[in-house]
Amino acid sequence: MNRRLAVAVLLFSFVSLAPVRTNVIADEQSLLGYSAESSRTERQWEEKMRAIPSPEKLRAYMEHLAARPHNVGTALDKENAVWIATKFKEFGLDTHIEQFDVLYPTPKERVVELVEGGAKFVAKLQEPAVAQDPTSNQQSEQLPTYNAYSIDGDVTAPLVYVNYGIPEDYEQLERMGISVKGKIVIARYYHSWRGIKPKVAAEHGAIGCLIFSDPHEDGFVQGETFPAGAWRPKDGVQRGSVADMPLYPGDPLTPGVGATKNAKRLKIEEATTITKIPVLPISYADAQPLLAALAGRVAPDGWRGGLGMTYRIGPGPAKVHLKVKSNWDIKPVYDVIAKIPGSSVPDEWVIRGNHHDAWVNGAEDPLSGLDAVLEEARAFGELLKQGWKPKRTIIFCAWDGEEPGLLGSTEWAEEHADELRAHAVAYINSDVSGRGYLDIEGSHSLEKFSNEVSRDIVDPETKLSVWKRNQLHEIAEAKSSERRQEIRQRGDLRIGALGSGSDFSAFLQHDGVASMNIGFGGEDGGGIYHSIYDDFYWYTHFSDTDFVYGRALAQAGGSMVMRLADADLLPFEFGDFSETVQTYIKELKALAQKSRDDITERNREIEEGVFSATTDPKEPLVVPGVETVPTFLNFAPLDNGADALARSADAYRKAYELASANGGAALASASLAEVNRLLIESERKLTTPEGLPNRPWYKHQIYAPGFYTGYSVKTIPAVREAIESKEWKQADAAIVIVGQVLQDEAALISSAAAKLAVAK
Ligand SMILES: [Zn+2]
């Protein structure tokens with residue numbers, strides 16, 4: 001589902017700078033968490049593992065699994081699950097399929113037509129087959145273009161163009177004196193997760209929502225369109241879920257519990273994640289006549305797309321009829337779960353997953369990532385035959401129902417929440433993967449670990465380590481000399497924080513399991529996302545055509561899983577985490593200050609008459625109202641929490657140095673069981689039972705998807721979102737809560753440090 005968000009994270013995060021340090025916390029020869037001797041053994045096993053994944057196998061898996069459409073509820077969805085299970089069994093893994101029963105709407109009636117204000121036009125809502133592409137003609141099996149979990153509706157109203165349909169766009173509309181109340185809005189894809197667009201539209205009184213793919217974002221403005229090139233053709237449509245997943249993901253009828261046969265279910269009317277207004281996605285061929293029939297103001301600069309016409313906002317005279325009706329069925333999802341029992345600590349689980357369902361044929365999304373998981377499992381099967389005995393239990397998961405709403409992974413993680421909270425060490429996810437740079441996002445207690453692993457993976461194009469290539473890429477992209485200096489001197493490259501958009505969400509944000517998401521990208525642009533053209537033909541012509549990056553992904557994922565499963569001491573580290581939390585707090589302070597400054601400045605300009613003097617009487621702008629300047633927030637509880645965290649991270653680092661001295665014999669001792677237990681707890685401690693304000697499903701207090709951004713993360717969300725929405729009292733209250741979470745985390749790390757310091 002999640003297509004290359006990490007790029008945005010790389011570009012926009014971490015404006016503030018951390019003190020530069022060079023910090024080598026272990027004997028450089030030894031892996032983090034390993035004695036010298038066990039490190040040598042581990043490296044040998046990993047070398048063997050990394051030699052196994054094969055591009056030919058990856059190609060064959062993809063060709064087989066993408067042969068026909070396999071969305072939830074189809075025969076092929078189940079056949080693919082059974083096929084994957086058979087593979088895991090062939091590799092020697094203990095495998096079963098777990099079924100959940102979820103609400104899954106599919107389209108029954110879809111109408112978009114221009115009924116007034118221009119020549120009568122009926123939208124095609126259909127992606128045509130392409131002669132060169134052999135699976136694009138499987139029309140009878142293709143899921144029609146739609147947005148899952150749109151409410152049923154039949155509305156006719158004047159149209160308004162709302163740019164990306166995010167909150168800032170509505171602020172601008174308000175300045176222009178344009179209301180969407182009682183109107184149908186048309187928004188373009190991108191700049192938020194798609195489910196945000198109908199949500200914000202409905203909050204502003206709109207009664208319907210169209211979302212179109214503008215060629216500016218992923219069509220001919222970017223490059224040659226399919227089949228001549230990789231980009232979205234004129235009739236290509238992005239399907240996708242519009243459920244309000246920032247509220248809770250998974251089955252809309254069973255929030256917080258597994259959607260088993262007899263689970264207590266909400267009525268459909270009670271499910272708060274279904275949209276409030278009907279919504280449909282359309283191609284730019286279908287959007288153009290509608291947009292061309294808009295009059296009114298010319299759209300501001302940043303609102304103009306690539307259609308080679310004057311973009312106007314409306315409302316009207318274009319009047320649109322939009323009708324959406326779905327079959328609201330309960331459908332089965334099939335999660336494939338495969339285990340390798342741990343030899344000495346079977347109660348500690350390392351979990352690796354990727355989804356198998358797709359919107360249509362889904363070669364890139366999700367099979368490019370699932371491929372790697374299968375090759376990792378095959379490699380582990382080979383190693384087991386050769387005598388490798390992982391200490392901890394390894395669980396491979398091929399999830400179903402990710403596309404409509406992270407269904408399979410969320411229901412599984414809810415159903416097994418108690419076991420996961422007791423046993424899960426970490427969850428490693430992948431999804432879409434292509435060609436280019438290795439993106440790693442995740443829990444910062446694993447930042448050092450993930451850096452270490454990426455130094456051992458070879459980039460297929462440059463033969464540099466993927467770590468080195470990433471570092472040089474970041475230097476090339478850096479916006480300031482301070483940032484370049486940090487990249488050169490800080491021991492570890494920063495990893496982005498996880499928002500949502502793929503199957504890690506329930507593990508990290510609901511169950512508090514340390515998580516990572518990995519995938520290659522950056523040289524694999526295209527516009528086939530969630531269309532019938534995301535298929536084997538497209539992938540083998542325009543993405544990782546020889547599957548060498550697929551092999552590198554299997555090497556990276558496999559190495560991470562092995563290294564976590566075999567470690568003497570779990571390779572968590574808190575220096576990077578502590579420093580990252582400090583950068584978040586700096587950002588929050590700057591954000592609060594900026595909000596104060598902006599309000600003060602605007603009030604002054606209102607008083608000076610700036611707005612009334614500069615408005616064009618022929619195209620007037622509404623003068624904003626005077627706002628109360630907020631009182632200062634009290635950040636002391638967060639600062640104190642961060643300070644305690646820094647001290648505990650330092651104590652842990654010192655204890656680790658002591659334990660790893662002289663070959664690290666202390667690391668191999670049985671007395672570390674208690675330390676490992678505390679390390680596993682360290683991510684759980686960042687959650688609270690009450691969860692976030694107004695969305696209790698999300699329990700993590702450091703990472704959450706933004707309530708108004710969807711995929712992209714909001715760090716320290718309770719505080720950040722309160723500041724953004726100018727809820728100052730709520731912000732002050734949240735600072736106290738998160739401050740306490742950091743204090744508790746610090747106490748746990750100190751206790752782990754004390755136990756580690758006396759390990760023998
Ligand atoms: Zn996906």
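This one's a predicted model, so the numbers in the text were calculated from it and none came from an experiment.

### What to know about the overall build of the chain
Scanning the chain for helices and strands turns up 24 helices and 16 strands. Over its C-alpha atoms the chain spans a radius of gyration of 26 Å, differing by no more than 12% from the 27 Å that the globule rule assigns to 760 residues. Put simply, the chain has 760 residues, and 62% of those count as buried. Long-range contacts, defined as pairs at least 24 residues apart, comprise 81% of the intrachain contacts of the chain with a sequence gap of at least 6.

### Focus on the environment of Arg43
Structurally, Arg43 can be placed in helix α2 (residues 36-50). Those residues in contact with Arg43, other than ones at most four positions away along the chain, are Gln29, Leu31 and Asp456.

### Section: the environment of Lys654
Here Lys654 is to be found in helix α21 (residues 636-660). It is 8.1 Å that separates the C-alpha atoms of Lys654 and Ala753, two residues lying 99 residues apart in sequence.

### Quick word on the packing of helix α22 (residues 673-684) against helix α24 (residues 728-757)
At their nearest, the axes of α22 and α24 sit 9 Å apart, and the two run at 160° to each other. Taken together, the axes of α22 and α24 lie roughly antiparallel to each other. Our pair here, α22 against α24, has a crossing hand that is left-handed. Packed against α22, whose contacting residues are Glu674, Val675, Leu678, Glu681 and Ser682, the element α24 presents Glu745, Leu748, Ser751, Ala752, Lys755 and Leu756 at the interface. Looking at the contact of α22 with α24 residue by residue, the classes come out as 5 nonpolar, 2 polar and 4 charged.

### Some thoughts on the pattern of salt bridges
Summed over all chains, the structure comprises 51 salt bridges. In this structure, the salt-bridge partner of Arg188 is Glu217, at a minimum N-O distance of 3.3 Å. In this pair, Arg188 sits in strand β5 (residues 184-188) while Glu217 sits in helix α7 (residues 215-218), placing the two residues 29 residues apart along the sequence. Assessed through its relative accessible area of 14%, Glu217 is described here as buried. With its nearest N and O atoms 3.0 Å apart, the salt bridge here joins Arg490 to Glu447. With a gap of 43 residues between them, Arg490 in the loop between α15 (481-489) and α16 (505-510) and Glu447 in helix α13 (residues 447-454) connect regions that are remote in the sequence. The residues Arg490 and Glu447 share a single accessibility class, namely buried. Each member of the salt-bridge network shares a partner with another, and the members are Glu447, Glu474, Arg483, Glu486, Arg490, Arg494, Asp576 and Glu579.

### What to know about the nonpolar core
A general tendency of soluble globular proteins is for nonpolar side chains to be buried together. If you look at the biggest cluster of nonpolar residues, it comprises 216 residues, and the most contacted ones within it are Phe88, Val112, Leu210, Phe396 and Tyr652. Excluding its chain neighbours within four sequence positions, the residues that come into contact with Tyr652 are Leu569, Phe572, Phe574, Val675, Leu679, Ile749, Ala752, Ala753 and Leu756. With 5 residues, the next largest nonpolar core counts Trp467, Ile475, Ala478 and Ile487 among its residues.

### Looking at the side chain of Asp214
Structurally, Asp214 can be placed in the loop between β6 (208-212) and α7. Buried charged residue Asp214 carries no salt bridge. Nearest counter-charge: Arg188, at 4.7 Å. Residues in contact with Asp214, not counting those within four places in the same chain, are Arg188, Gly219, Tyr284, Gly305, Gly306, Leu307 and Tyr311.

### Some details on the pairing of strand β12 (residues 424-430)
Residues in a regular strand project their side chains so that they alternate between the two faces of the sheet. When you tally the buried positions in β12, you get 7 out of 7 residues, the bulk of the element. In terms of strand pairing, strand β10 (residues 345-355) meets β12 through 5 bridges, oriented parallel. Note on β12: the bridge partner recorded for Trp349 is Ala424. Here 4 bridges tie β12 to strand β14 (residues 515-522), and the two strands are oriented parallel to one another. The residue bridging Ile428 from the neighbouring strand is Met516, located in β14.

### What to know about the packing of aromatic side chains
A full pass over the atoms with the stated rule returns 25 aromatic pairs. Taking 6.2 Å as the distance between ring centres and 40° as the angle between the ring planes, the aromatic pair formed by Trp412 and Phe507 counts as tilted. Placement of Trp412 in helix α11 (residues 407-415) and of Phe507 in helix α16 is noted, with a sequence separation of 95 residues between them. When the ring of Phe574 is compared with that of Tyr652, the centres are 5.5 Å apart and the planes differ by 85°; the resulting orientation is edge-to-face. Taken together, the positions of Phe574 in the loop between α18 (548-566) and α19 (575-608) and Tyr652 in helix α21 put the pair 78 residues apart, joining distant regions of the chain. Under the relative-accessibility criterion, Tyr652 is labelled buried at 3%. An aromatic cluster of three or more residues is present, and its members are Phe226, Tyr533, Tyr537, Trp538, Tyr539, Phe542 and Phe547. Against the face of Trp467 rests Arg455, its NZ or CZ located 3.8 Å from the ring centre. Between the NZ or CZ atom of Arg695 and the centre of the ring of Tyr698, over which it lies, the distance is 5.3 Å.

### Comments concerning the packing of α2 against α18
Orientation of α2 relative to α18, taken along the N-to-C sense of each, is 150°, at an axis distance of 10 Å. As summarised for this structure, α2 and α18 are arranged roughly antiparallel, according to the angle between their axes. Helix-helix and strand crossings are classified by hand; for α2 and α18 the assignment is right-handed. For the pair formed by α2 and α18, the contact residues are Glu42, Trp45, Glu46, Met49 and Arg50 on the first element and Ala554, Gln555, Gly558, Ser559, Met562, Arg563 and Asp566 on the second. Residue composition of the contact of α2 with α18, grouped by class: 4 nonpolar, 3 polar and 5 charged.

### Looking at the environment of Phe212
In this structure, Phe212 sits in strand β6. Taking the relative accessible area as the measure of exposure, Phe212 reaches 0% and is therefore buried. Linking Phe212 and Phe574, residues 362 residues apart in sequence, is a C-alpha distance of 44 Å. Look past the residues within four positions of Phe212 in its chain and what remains in contact with it is Tyr161, Ile186, Ala187, Arg188, Tyr189, Ile282, Ser283, Ala287, Leu291 and Leu307.

### Regarding the pairing of strand β11 (residues 392-399)
Within β11, 8 of the 8 residues are buried, which leaves the element mostly enclosed by the surrounding structure. Relative to β11, β10 runs parallel, the two sharing 8 bridges. Directly across from Val345, in β11, lies its bridge partner Arg392.

### Let's talk about the side chain of Asp534
Along the chain, the position of Asp534 falls in the loop between β14 and α17 (536-542). For Asp534, a relative accessible area of 2% translates into the label buried. Within polar-contact distance, the side chain of Asp534 engages the backbone nitrogen of Asp365 at 3.1 Å. If sequence neighbours within four positions are ignored, Asp534 has contacts with Asn361, Gly362, Ala363, Glu364, Asp365 and Ile528.

### Examining unusual backbone geometry
Looking along the chain, the bond that leaves Phe226 and enters Pro227 is cis, with omega of 10°. Tracing the backbone shows Pro227 in the loop between α7 and β7 (240-241). In the Ramachandran plot, Leu406 falls in the positive-phi region, its phi being about 50° despite a non-glycine side chain. Tracing the backbone through its elements, the reader meets Leu406 in the loop between α10 (402-405) and α11. A positive phi angle is found at Asn662, which is not glycine, with a value near 50°. Secondary-structure assignment places Asn662 in the loop between α21 and α22. A residue is classified by how much of its surface remains accessible, and Asn662, at 80% relative accessible area, is exposed.

Parameters at a glance
- Residues numbered from 1 in each chain as written.
- Predicted model: local features only at pLDDT ≥ 70, side-chain atom pairs only at ≥ 80, totals over all residues.
- Heavy atoms only, no water.
- Helix = DSSP H or I, 4+ residues; strand = E, 2+ residues; numbered from the N terminus.
- Rg over C-alpha atoms; globule rule 2.2 N^0.38 Å.
- Buried < 20%, exposed > 50% of the residue type's maximum accessible area, 1.4 Å probe, protein only.
- Contact = heavy atoms within 4.5 Å.
- Axes fitted to C-alpha atoms, helices over the stretch in contact; angles between N-to-C directions.
- Parallel < 35°, antiparallel > 145°, perpendicular 65-115°, else oblique.
- Left-handed = near helix turned anticlockwise from the far one by under 90°.
- Nonpolar A, V, L, I, M, F, W, Y, C, P; charged D, E, K, R; others polar.
- Salt bridge = Lys/Arg side-chain N within 4 Å of Asp/Glu carboxyl O.
- Core = buried A, V, L, I, M, F, W, Y, C linked by side-chain atoms within 4.5 Å.
- Lys, Arg positive; Asp, Glu negative; His and termini not counted.
- Pairing = 2+ DSSP bridges.
- Phe/Tyr/Trp six-rings, centres within 6.5 Å; stacked < 30°, edge-to-face > 60°.
- Lys NZ or Arg CZ within 6 Å of the ring centre and 35° of its normal.
- Polar contact = N/O pair within 3.5 Å; in protein donor to acceptor, adjacent residues only side chain to side chain.

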